[in-house]
Number of protein chains: 2
Amino acid sequence: MPQTFNPPIRTLMGPGPSDVHPRILQALSKPTIGHLDPEFVAMMDETKSLLQYAFQTKNELTIPVSAPGSAGMETCFVNLVEAGDEVIVCKNGVFGMRMIENVERCGATPIVISDDWGKPVDPNKLQDALKNHPNATTVAFVHAETSTGVESDVKTLVDIAHQHDCNTIVDAVTSLGGIPLKVDEWGVDAIYSGTQKCLSCTPGLSPVSFNERAIETIKSRQSKVQSWFLDLNLVMGYWGENTKRAYHHTAPINALYGLHESLLMLHQEGLENSWNRHNSHHQALRAGLEAMGMSFLVDESCRLPQLNVVFSPDGVDEAKVRSRLLTEYNLEIGAGLGEFAGKVWRIGLMGYASRKENVNLCLSALETVLADMNAPIEKGVALHAAQNSYNQIPI
Amino acid sequence: MPQTFNPPIRTLMGPGPSDVHPRILQALSKPTIGHLDPEFVAMMDETKSLLQYAFQTKNELTIPVSAPGSAGMETCFVNLVEAGDEVIVCKNGVFGMRMIENVERCGATPIVISDDWGKPVDPNKLQDALKNHPNATTVAFVHAETSTGVESDVKTLVDIAHQHDCNTIVDAVTSLGGIPLKVDEWGVDAIYSGTQKCLSCTPGLSPVSFNERAIETIKSRQSKVQSWFLDLNLVMGYWGENTKRAYHHTAPINALYGLHESLLMLHQEGLENSWNRHNSHHQALRAGLEAMGMSFLVDESCRLPQLNVVFSPDGVDEAKVRSRLLTEYNLEIGAGLGEFAGKVWRIGLMGYASRKENVNLCLSALETVLADMNAPIEKGVALHAAQNSYNQIPI
């Protein structure tokens, strides 16, 4: 007979979902009210303002899409891209590949520029592609590649795209709240994120933001947006400033309670403090991992603090290590993807998971399991190295 | 300064979301675990089984889409319909109109048969349309129209569609759990629902089910599904029986805890008991409303017990009544839509909202407010009539 599900208590240090703050779990369980209730509408407005703060934008069209980050990605593509368009996709990991799928399913042609997994997008390649494809309408790339832990330079890439009069679509699923992201200052036209990474919230919603240039593109489309559910012309009618909100779909009320609380927490902490916190714990984890003898996939200059991708020690069954961490320590870390499957671990320090307890748990559990499996690591040094780092870069 | 949102405690008797059971609210706030965690995967399997029970189907492809009912609708259309197809849409309310939008956005041609709002779909019109359009591939209609409170005869309509070798897409957003719905016995090919109606759960997920015939259609498509997020070929890889689950998108973990608990509650109550409960409270509410002198929009033979649509008394500002119910009694009832805007109320008795306390609250609050506004109603009789009904049709 099926029974009430009581999940184990895990520490979530994979690529997401990351640990959800207790305040947010509590928010989820508050009584449901109607999606047109005046009190709910007021909360929607506040959520929009808090999202504008998180994205560092004044964009009016800044809202959470009622579905996970993948749907946020699709919202950007189906609204901004039309059949026959040429779209430049900068691919340096899994999520660039998914962008290509999105472009194709819009009936548009993807112009793909590739960088190795673990490397940032090369601005020179984008410059060349735009010269070779003067009809391109859009440039799409990932700010923080969740598959490899690399950061690309949004501002530079956006500047180049704008020199060629292209819109930009930026994937900020793993970056929002964790590292500097300045939508207005950098001129990003369309951006999407997720709630389950550095916002410490549960998965299921996708914050998006569109500037005036993007909205102009949407309004001047020749064809209808192919998705009714994601058509921003309709979604705007519900989330817009109109006193009379047009019913579009039933908003996921309780999930939005959670997002509101998570954005409130980010606001209370302050964006810069959150960025600094992510960096401080990253440096401590890094010090511990390196002290054990492990090395990072991504060069320091473009390494994400919230997603630490390190090579597993030689000769160790990395899947076994992850499995033991989960069963013996209730600790989840992530596997490698693509060419790095079986070779790296992806260790997240995102949002509420970015805290000292997690750094210490991860280092000590990893050391214990690896030592037990006779891995070639330095023992008894990791926590000490982490503490030294905290002494130098306080939280 | 923004603050933690504390929603008012409402009684939700509109067209949805309906009251969410405390057990489900509690489930939502349990600690988040990873979407590939073995414990979570086991819960997914159990959720599938419980959904099969709710839908009365053995369909393997029975899963919750990670987005609201509108996305469930779109999942059915974008997977089963291709550009150039002819799709017969039976329209008798708002959601039939939305189906037409979906067909058009797939590049297909909608063949629309219309029935008046408040009337069920006429099988004879479907029969004629299929004769006149021998190339039609699909027939779509709504089981329980949320805009009017009318039930259409699924089995008859499916039989006719199958005589002409068409797939059927059925909207069961408001019917699932509230009235008899037998996917296998009736031969439905593709069906979608929502969580926020008779399942007593929060909005945000859309249970769907597809039979072998529908899967064959999907597998033999000429073109890729236009939505990456909703492409069942990919979703199946995650929700399927494979021991190795393919990552598609990050599942909305906590929302799925809630759905699991709501389906468990339905299983524990028993489907027939749930149907009977919805009917019993409907009859009591009906007795009270009629005793006050109000009448129903929909004929008794096809009236939904879970959504009571009644004309507001002559000369009464119905919006004012709803507003007073909300502010003075924390009671939400729904407005009319389309041609019935300003003329009817839609009073939901769905899921956990279908209980005696709600019937009595609604009748007494409505009577008090209407009397206060000098509406032409019979006073002092509603609760008595409701109790008489309960005596005759016990819960």
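Here the structure is a predicted model, which is why all the values come from computation and not from measurement.

(A) Focus on the nonpolar core. Formed by 249 residues in total, the largest nonpolar core has its most connected members in A:Ile88 and B:Ile88. In this structure, A:Ile88 is in contact with A:Ile111, A:Ile113, A:Leu126, A:Ala129, A:Leu130, A:His133, A:Ala136 and A:Val139, ignoring residues within four places of it in sequence.

(B) Expanded view of the packing of helix H3 (residues 69-80) of chain B against helix H4 (residues 94-105) of chain B. Residue and element names in this part refer to chain B. Contact pair H3 / H4: the axes reach a minimum separation of 9 Å and the direction vectors enclose 40°. On the basis of their axis angle, the class for H3 and H4 is oblique. You can see that H3 and H4 cross each other, and the crossing is right-handed. Two secondary-structure elements touch here, H3 through Met73, Glu74 and Phe77 and H4 through Arg98, Met99, Asn102 and Val103. Looking at the contact of H3 with H4 residue by residue, the class counts come to four nonpolar, one polar and two charged.

(C) Examining the relation of the copies chain B and chain A more closely. Rotating chain B by 180° and translating it 0.0 Å along the rotation axis places it on chain A, where the RMSD comes to 0.0 Å. What the rotation and shift describe, once combined, is the action of a two-fold rotation axis. The overlap is high: 100% of the interface residues of chain B also sit at the interface in chain A, so the same surface is used on both sides.

(D) Examining the packing of helix H11 (residues 271-292) of chain A against helix H14 (residues 382-392) of chain A more closely. All names here are of chain A. Two numbers describe how H11 lies on H14: the axes approach to 7 Å, and their chain directions differ by 145°. For the pair H11 and H14, the sense of crossing is right-handed. On H14, the residues that touch Gln283, Ala284, Leu285, Ala287, Gly288, Ala291 and Met292 of H11 are Ala382, Leu383, Ala385, Ala386, Asn388, Ser389 and Tyr390. Looking at side-chain class alone, the contact of H11 with H14 contains 10 nonpolar, four polar and no charged residues.

(E) Here's a closer look at H4(B). In this model H4(B) runs 17 Å from its N-terminal to its C-terminal C-alpha over 12 residues, within 8% of the 16 Å that 1.5 Å per residue would give. After H4(B) finishes, the residue B:Gly107 shows a positive phi value of roughly 75°.

(F) Just the sheet that holds strand E11 (residues 307-311) of chain A, in detail. Residues and elements named next belong to chain A. Read across the sheet, four strands follow the order E1-E12-E13-E11 without closing on themselves; strand pairing throughout is mixed. The strands lining the two open edges of the sheet, one partner per strand, are strand E1 (11-13) and E11. The mean inter-strand angle of the sheet, taken between neighbouring strand axes irrespective of direction, is 30°. In this sheet, strand E12 (residues 331-335) lies alongside E1 in parallel orientation, the contact comprising three bridges. Across the sheet, Met13 pairs through a bridge with Ile333, a residue of E12. With respect to the sheet, helix H13 (residues 356-372) is in contact with E1, E12 and strand E13 (344-348), its orientation differing from that of E1 by roughly 85°.

(G) The confidence of the model for chain A, seen in detail. Averaged over all residues, the pLDDT of chain A is 96; the fraction at 70 or higher stands at 99%. Taken together, the chains of this predicted complex give a pTM of 0.97 and an interface ipTM of 0.97.

(H) Up close: the pairing of strand E3 (residues 86-91) of chain B. Residue and element names in this part refer to chain B. When you tally the buried positions in E3, you get five out of six residues, the bulk of the element. Alignment of E3 against strand E4 (residues 109-114), held across six bridges, turns out to be parallel. Bridged to Ile88 within E4 is Ile111. For the crossover that starts at E3, traverses H4 and ends in the parallel E4, the hand is right-handed. As paired strands, E3 and strand E5 (residues 138-142) are joined by three bridges and run parallel to one another. Considered in E5, the bridge of Val87 is made with Thr138.

(I) Spotlight on the sheet that holds E5(B). Residues and elements named next belong to chain B. Read from one edge of the open sheet, seven strands run E2-E10-E9-E8-E5-E3-E4, paired in mixed fashion. For this open sheet the edge positions go to strand E2 (61-65) and E4, each flanked by a neighbour on one side alone. Going across the sheet, the axis of each strand differs from the next one's by a mean of 15°, ignoring polarity. With three bridges joining them, strand E9 (residues 190-192) and strand E10 (residues 206-210) adopt antiparallel strand pairing.

(J) Highlighting the domain arrangement of chain A. Residue and element names in this part refer to chain A. Under the domain assignment, chain A is made up of domain 1 (21-268) and domain 2 (271-392). Once you take the C-alpha centre of each, domain 1 and domain 2 turn out to be 29 Å apart. If you look at the interface, domain 1 gives 22 residues, while domain 2 gives 22 residues. A per-class count over the side of domain 1 that touches domain 2 returns 10 nonpolar, 10 polar and two charged.

(K) Fine view of the environment of B:Pro203. Mapped onto the secondary structure, B:Pro203 falls in the loop between E9 and E10. We classify B:Pro203 as buried; it has 28 C-beta atoms within 10 Å. Along the chain, B:Pro203 and B:Gly69 lie 134 residues apart, while their C-alpha atoms are 8.4 Å from each other. Once you skip the residues sitting within four places of it in the chain, B:Pro203 turns out to touch A:Thr250, A:Ala251, A:Pro252, A:Ile253, B:Pro17, B:Pro68, B:Gly194, B:Thr195 and B:Gln196.

(L) Structural detail: unusual backbone geometry. Of note, the amide linkage connecting A:Gly16 to A:Pro17 takes the cis form, showing an omega dihedral of 0°. Turning to its location among the elements, A:Pro17 is positioned in the loop between E1 and helix H1 (22-28). Positive phi, normally seen in glycine, also occurs at A:Gln56, with a value near 55°. Its place among the elements puts A:Gln56 in the loop between helix H2 (38-55) and strand E2 (61-65). Look at B:Asn330: it is not a glycine, yet its phi comes out positive at around 55°.

(M) Region of the structure containing the interface of chain B and chain A. Contacts between the two partners involve 61 residues from chain B and, on the opposite side, 61 residues from chain A. Contributing elements (two or more residues each) for the side of chain B that touches chain A: helix H1 (22-28), helix H2 (38-55), H3, H4 and helix H10 (253-269) of chain B. Residue classes in the side of chain B that touches chain A are distributed as 26 nonpolar, 23 polar and 12 charged.

(N) How the structure looks around helix H13 (residues 356-372) of chain B. Residues and elements named next belong to chain B. The end-to-end C-alpha distance of H13, which contains 17 residues, comes to 24 Å, matching closely the 24 Å that a straight helix rising 1.5 Å per residue would cover. Where H13 is concerned, the buried positions are Asn358, Val359, Cys362, Leu363, Ala365, Leu366, Glu367, Val369 and Leu370. Against strand E1 (11-13), helix H11 (271-292), helix H12 (318-329), strand E12 (331-335), strand E13 (344-348) and helix H14 (382-392) lie the buried residues of H13. Downstream of H13 by one or two residues, Asn374 has phi in the positive range, about 60°.

(O) Expanded view of the environment of B:Ile253. Checked against the element boundaries, B:Ile253 lands in helix H10. A residue is classified by how many C-beta atoms lie within 10 Å of it, and B:Ile253, with 24 of them, is buried. Considering only alpha carbons, one finds B:Ile253 and B:Pro31, 222 residues apart in sequence, at a separation of 9.4 Å. Residues within four places of B:Ile253 in sequence aside, it is in contact with A:Pro17, A:Thr202, A:Pro203, B:Thr32, B:Ile33, B:His35 and B:Phe40.

Reading guide: rules and limits
- Residues numbered from 1 in each chain as written.
- Chains lettered and ligands numbered in written order.
- Predicted model: local features only at pLDDT ≥ 70, side-chain atom pairs only at ≥ 80, totals over all residues.
- Core = buried A, V, L, I, M, F, W, Y, C linked by C-beta atoms within 7 Å.
- Buried ≥ 20, exposed ≤ 12 C-beta atoms within 10 Å, placed from the backbone.
- Contact = placed C-beta atoms within 7 Å.
- Axes fitted to C-alpha atoms, helices over the stretch in contact; angles between N-to-C directions.
- Helix = DSSP H or I, 4+ residues; strand = E, 2+ residues; numbered from the N terminus.
- Parallel < 35°, antiparallel > 145°, perpendicular 65-115°, else oblique.
- Left-handed = near helix turned anticlockwise from the far one by under 90°.
- Nonpolar A, V, L, I, M, F, W, Y, C, P; charged D, E, K, R; others polar.
- Least-squares fit on C-alpha atoms with pLDDT ≥ 70 in both.
- Expected span 1.5 Å × (residues − 1).
- Pairing = 2+ DSSP bridges.
- pLDDT = per-residue confidence, 0-100.
- Right-handed = clockwise from strand over helix to strand, strands pointing away.
- Domains from an automatic or database assignment.

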